[in-house]
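# Understanding the architecture of this molecule
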Amino acid sequence: MTTSSLALPATDLATGHRLDFLLVADMVEPGSRVLDVGCGDGALLSLLRDRKNVDGRGIEISREGVNACLSKGLPVIQGDADTDLADYPDDTFDYVILSQTIQATRQPRVVLEHLLRIGRRAIVSFPNFGHWRVRVDLALKGRMPVTENLPYSWYDTPNIHFCTIRDFVELCREVGAQMEKAVALNAGGKPMQVSLPWWVWNLLGDQGVFLLKRK
């Protein structure tokens, strides 16, 4: 399964863009070749096209999402990251982006390895299941958490592989990914201090955004 916008991140009031999308856009060099995996309605691709003049492509599992992208003039095909990324040749793109989607894939490690193979760099963002509010719900209420960034109940959530920021850092080490930049966003969508240790990010970060490359 691959879909996007599984979480509900904060937006910039001045532009209406999602704050995590603006952060992702800052990581992308102008004029780059970009593949957005699980691109949803094409909001991020549109932002990258308009602000960074990228040569952007997208893959999206839902027909509604594909249609929305095509209506915006975006070259997007229907597909599934768990099965279709294997068909892409090595180093096809400068950046491959997986935004708020890795937790909805059946094989997150395999998907991440494909991102690093077909892109010179990969950008991955995801909701942090180690956030303190999630821990409180589990510890004190004994229930699966429902938050602004994880808005689904356990029985209808598309998220099947929850992870924490520390979990993802460990996965990057296992697959040999070099972290060029890592950012934790708080509940308001603002970046946390870079100098803070991982355990603080893991406790207070609402979501993580990582810029990766092969070692």
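Residues numbered from 1 in each chain as written. Predicted model: local features only at pLDDT ≥ 70, side-chain atom pairs only at ≥ 80, totals over all residues. Heavy atoms only, no water.

Going by what an unreviewed UniProt entry lists, the protein is known as Methionine biosynthesis protein MetW and is assigned to Microvirga guangxiensis.

Another point: a nonpolar patch on the surface. The grouping of Trp132, Val136, Leu140 and Leu204 at the surface amounts to a nonpolar patch, some 390 Å² of accessible area in total. Residue placement: Leu204 occurs in helix H8 (residues 198–204). (Patch = residues over 30% accessible without salt bridge, like charges linked within 9 Å, V, L, I, M, F, W, Y side chains within 5 Å. Areas by Shrake-Rupley, 256 points an atom, 1.4 Å probe, with all protein chains shown as cover. Salt bridge = Lys/Arg side-chain N within 4 Å of Asp/Glu carboxyl O. Helix = DSSP H or I, 4+ residues; strand = E, 2+ residues; numbered from the N terminus.)

Moving on to helix H1 (residues 19–27). Counting buried residues in H1 gives eight out of nine residues, a clear majority hidden from the surface. All buried positions along H1 are accounted for by Leu19, Asp20, Phe21, Leu22, Leu23, Val24, Ala25 and Met27. (Buried < 20%, exposed > 50% of the residue type's maximum accessible area, 1.4 Å probe, protein only.)

Moving on: the confidence of the model for the protein. Averaged over the protein, the pLDDT score is 89; the fraction of residues at 70 or greater is 93%. The secondary-structure element of the protein with the lowest mean pLDDT is helix H6 (residues 132–141), recorded at 83, while strand E1 (residues 33–37) shows the highest, at 98. In the model, residues 1–7 has pLDDT below 50 throughout and makes 41 contacts with residues more than four positions away in sequence or in other chains. (pLDDT = per-residue confidence, 0-100. Contact = heavy atoms within 4.5 Å.)

At Asn53, a residue that is not glycine, the phi angle is positive and equals roughly 50 degrees. Taking relative accessible area as the criterion, Asn53 reaches 60% and is therefore assigned exposed. Despite not being glycine, Gln100 shows a phi value in the positive range, around 55 degrees. The residue Gln100 is located in the loop between strand E4 (93–99) and helix H5 (108–118) in this model.

Quick look at the pairing of E1 now. With four of five residues buried, E1 lies mostly within the body of the structure. As judged from the five bridges shared by E1 and strand E2 (residues 55–60), these two strands associate in the parallel manner. The residue bridging Leu35 from the neighbouring strand is Arg57, located in E2. A crossover links E1 with its parallel partner E2, the connecting element being helix H2 (residues 43–52), and its sense is right-handed. Alignment of E1 against E4, held across four bridges, turns out to be parallel. Directly across from Val37, in E4, lies its bridge partner Leu98. (Pairing = 2+ DSSP bridges. Right-handed = clockwise from strand over helix to strand, strands pointing away.)

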